[in-house]
Amino acid sequence: MKGAVFNGFEQFVTERFGLSQWQQLLDKSNFTTAGIYLASDFYDDNELVTLITLLCQAQHIELPEALRDFGYYFFDILYRKIPPAPADQTLFDFLRSVDKVIHVQVKKTDPQAYTPALFYDSPDDKTILLRYVSQRKLCFFAEGLILGAAQTFNTPVDVTQTSCQHQGDKDCIIKVELCQQN
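Residues numbered from 1 in each chain as written. Predicted model: local features only at pLDDT ≥ 70, side-chain atom pairs only at ≥ 80, totals over all residues. Heavy atoms only, no water.

Pairing is antiparallel in the open sheet, where 4 strands are placed in the order β1-β2-β4-β3. Looking at strand neighbours, the two that pair on one side only are β1 (117-124) and β3 (157-163), the edges of this open sheet. For this sheet, the mean angle separating the axes of adjacent strands, direction not counted, is 25 degrees. Pairing of strand β2 (residues 127-133) with strand β4 (residues 172-178), which is carried by 6 bridges, proceeds in the antiparallel orientation. Paired with L130 across the two strands is I174, which belongs to β4. The strands touched by helix α6 (residues 139-152) are β2, β3 and β4; relative to β3, the strand with the most contacts, the crossing angle is about 160 degrees. (Pairing = 2+ DSSP bridges. Helix = DSSP H or I, 4+ residues; strand = E, 2+ residues; numbered from the N terminus. Axes fitted to C-alpha atoms, helices over the stretch in contact; angles between N-to-C directions. Contact = heavy atoms within 4.5 Å.)

Right, here's the structure in full:
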């Protein structure tokens, strides 16, 4: 995983739980990196999973909640790195562009980068079903990214999973529904 994700996680932890919590996670993890992650380098995915798991234990929170919260936080960091969205782009337009535009650009910039595959279906104009396919099984992180995008696009949504690899399903299906506006 790219060091930029680790850097974002460090920011998330220090802003939400304090610098001492970040240091405690590093002390307990005993990684050779000692918490120094270069944004452009690759690191073992298991290091991030370990850090998140240690955070969950320290803060008494469930892993899905921690991943979702981190994804929500991290969306803003990612969004600032891409060209501005067209003024008329909707949340659903943006979500559909992730795999076809953003992930393609990521691969052009860094051919070694691993991105999840995303497949879309829209059963109606208020719903998008996103099939998330990834060996990393970070679907809850993806949910958080979607919620962060919804916040950025000022579009209230409900996000649920109709199937999930963590429940033994082959892939994760993330259902994004527009909330009723009064």
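Once the structure has been displayed, the description carries forward.
What follows deals with the side chain of Q165. With respect to the secondary-structure elements, Q165 resides in the loop between β3 and β4. Those residues in contact with Q165 that lie beyond four places of it in its chain are S134, K137, K170, D171 and C172.

Next up on the list: the nonpolar core. In terms of nonpolar packing, the biggest core is built from 51 residues, with F9, L51, Y132 and V176 touching the most fellow members. A domain split of this core shows at least three residues from each of domain 1 (3-61) and domain 2 (88-178). (Core = buried A, V, L, I, M, F, W, Y, C linked by side-chain atoms within 4.5 Å. Buried < 20%, exposed > 50% of the residue type's maximum accessible area, 1.4 Å probe, protein only. Domains from an automatic or database assignment.)

One pass over the full model with this rule turns up 17 aromatic pairs. Considering the side-chain rings of F74 and F141, the 6.1 Å spacing of their centres and the 40 degrees angle between planes classify their relative orientation as tilted. A residue pair is termed long-range when its members are at least 10 positions apart, and F74 in helix α4 (residues 63-79) and F141 in helix α6 qualify at 67 residues. By relative accessible area, F74 is classed as buried at 3%. The buried category is assigned to F141, whose relative accessible area is 12%. Linked through ring pairs, F9, F12, F17, W22, F70, Y73, F74 and F141 together constitute an aromatic cluster. Lying across the ring of F42, K2 places its NZ or CZ 4.9 Å from the centre. (Phe/Tyr/Trp six-rings, centres within 6.5 Å; stacked < 30°, edge-to-face > 60°. Lys NZ or Arg CZ within 6 Å of the ring centre and 35° of its normal.)

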